[in-house]
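Residues per chain are reported as follows:
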Amino acid sequence: MPGSPEPDRAAALAAERCLAAEQVEVLTRDLARVVQASESSNADDEHDPEGSTIAFERAQLSAMLDAARRRVQDVDGALARLAAGDDGRCERCGSSIGDERLLARPWTRLCIACARDQRQV
Ligand SMILES: [Zn+2]
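The text that follows walks through the structure, step by step, so that each part is easy to find. (Residues numbered from 1 in each chain as written. Predicted model: local features only at pLDDT ≥ 70, side-chain atom pairs only at ≥ 80, totals over all residues. Heavy atoms only, no water.)

Octahedral metals with six donors have ideal donor angles of 90 or 180 degrees. Tetrahedral metals with four donors have an ideal donor angle of 109.5 degrees. Taken together, Cys 90 (SG), Cys 93 (SG), Cys 111 (SG) and Cys 114 (SG) make up the protein donors of the zinc ion, found 2.2 to 2.4 Å from the metal. Of note is the zinc ion, whose four donor atoms meet at the metal with angles of 106 to 115° in an arrangement that counts as tetrahedral. Ordering the donors of the zinc ion by residue number gives the pattern C-x2-C-x17-C-x2-C. Of this pair, Cys 90 sits in the loop between α2 (49-83) and α3 (99-104) while Cys 111 sits in the loop between α3 and α4 (112-120), and the two are 21 residues apart along the sequence. Side by side, Cys 90 and Cys 111 carry an identical accessibility label, which is buried. (Donors = N, O, S within 2.8 Å, 3.2 Å for Na, K, Ca; no water. Tetrahedral: all angles 85-135°; square planar, octahedral: opposite > 155°, others 65-115°. Helix = DSSP H or I, 4+ residues; strand = E, 2+ residues; numbered from the N terminus. Buried < 20%, exposed > 50% of the residue type's maximum accessible area, 1.4 Å probe, protein only.)

Turning next to the layout of surface pockets. Taken as a whole, the largest pocket encloses approximately 330 Å³ of empty space. Arg 105, Trp 107, Thr 108, Arg 109 and Leu 110 are the residues nearest the centre of the largest pocket, which is lined by 15 residues in total. Put simply, the parts of the chain that give the lining of the largest pocket at least two residues each are α2 and α4. Element by element, the count of residues in the lining of the largest pocket is highest for α2, at five residues. Along the lines of polarity and charge, the residues of the lining of the largest pocket split into four nonpolar, four polar and seven charged. (1 Å grid on protein atoms, 1.4 Å probe; cavity = no way out; pocket = protein on both sides within 12 Å on 5 of 7 lines; lining within 4 Å. Points joined across faces, edges and corners; volume = space filled by probe spheres on them. Nonpolar A, V, L, I, M, F, W, Y, C, P; charged D, E, K, R; others polar.)

A few words on the packing of aromatic side chains. Counted under the stated rule, the structure contains zero aromatic pairs. When the ring centre of Trp 107 is taken as reference, the NZ or CZ atom of Arg 71 above it lies at 3.9 Å. (Phe/Tyr/Trp six-rings, centres within 6.5 Å; stacked < 30°, edge-to-face > 60°. Lys NZ or Arg CZ within 6 Å of the ring centre and 35° of its normal.)

Structurally, Arg 101 is set in helix α3. Salt bridges are absent for the buried Arg 101, whose nearest opposite-charge side chain, Glu 100, sits at 10 Å. (Lys, Arg positive; Asp, Glu negative; His and termini not counted. Salt bridge = Lys/Arg side-chain N within 4 Å of Asp/Glu carboxyl O.)

On the secondary structure map, Arg 69 appears in helix α2. With a relative accessible area of 41%, Arg 69 lands in the partly exposed category. Distance in space between the C-alpha atoms of Arg 69 and Val 24 is 6.3 Å, their sequence separation being 45 residues. Excluding residues that lie within four positions of it along the chain, Arg 69 makes contacts with Val 24 and Thr 28. (Contact = heavy atoms within 4.5 Å.)

With that settled, consider the pattern of salt bridges. Tallied over the entire structure, the rule returns seven salt bridges. Among the ionic pairs, Arg 33 bridges to Asp 30, the shortest N-O distance being 2.6 Å. Of this pair, Arg 33 and Asp 30 both sit in helix α1 (residues 7-40), three residues apart, roughly one helical turn.

In terms of nonpolar packing, the biggest core is built from 10 residues, these being Ala 20, Val 24, Leu 27, Leu 31, Val 34, Ile 54, Leu 61, Leu 65, Ala 68 and Val 72. Broken down by secondary-structure element, the contributors of at least two residues to this core are α1 and α2. With seven residues, the next largest nonpolar core counts Leu 102, Cys 111, Cys 114 and Ala 115 among its residues. (Core = buried A, V, L, I, M, F, W, Y, C linked by side-chain atoms within 4.5 Å.)

This is the structure we're talking about:
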C-alpha cells in the first residue's frame with residue numbers, strides 16, 4: 001500500500017541521527033575545552049601563536065558543531081515526514097527521489113536533479 005513504512009529508510013535515519021547526536025555531544029565538549037583553554041591561556045595576546053591556533057580550532061569546531069546540529073535537524077525533519085506518510089517524493093518537483101539516494105542520504109528532501117539545480121543557484 002502507498003505510504004507504508006519503509007524500514008530501511010527509517011533504520012538509516014535512526015542510525016544517522018544517533019551518529020549526528022553523538023557528534024554534537026563530542027563537539028560541544030571539545031569546544032567547551034577549547035574555550036576554557038583560550039580563557040586560561042594568555043589568549044588576549046593576539047600575537048601569541050598558541051592563541052591564534054586556539055582561535056582557529058575554536059572556529060573550526062564551531063562550524064563542525066553547526067553542521068552536526070543541522071544534520072540532527074535534517075534527520076528529525078525526515079523522520080517526521082516519514083511518520084506523516086512521506087513516500088520519498090522531491091519537495092520541489094514532486095518526482096520520486098529514488099531508493100538509492102534515499103538510502104545514501106535518507107534526510108534529503110530533494111531529488112538529485114533539484115539538489116544539483118539548487119547548488120548551482
Ligand atoms: Zn526534484
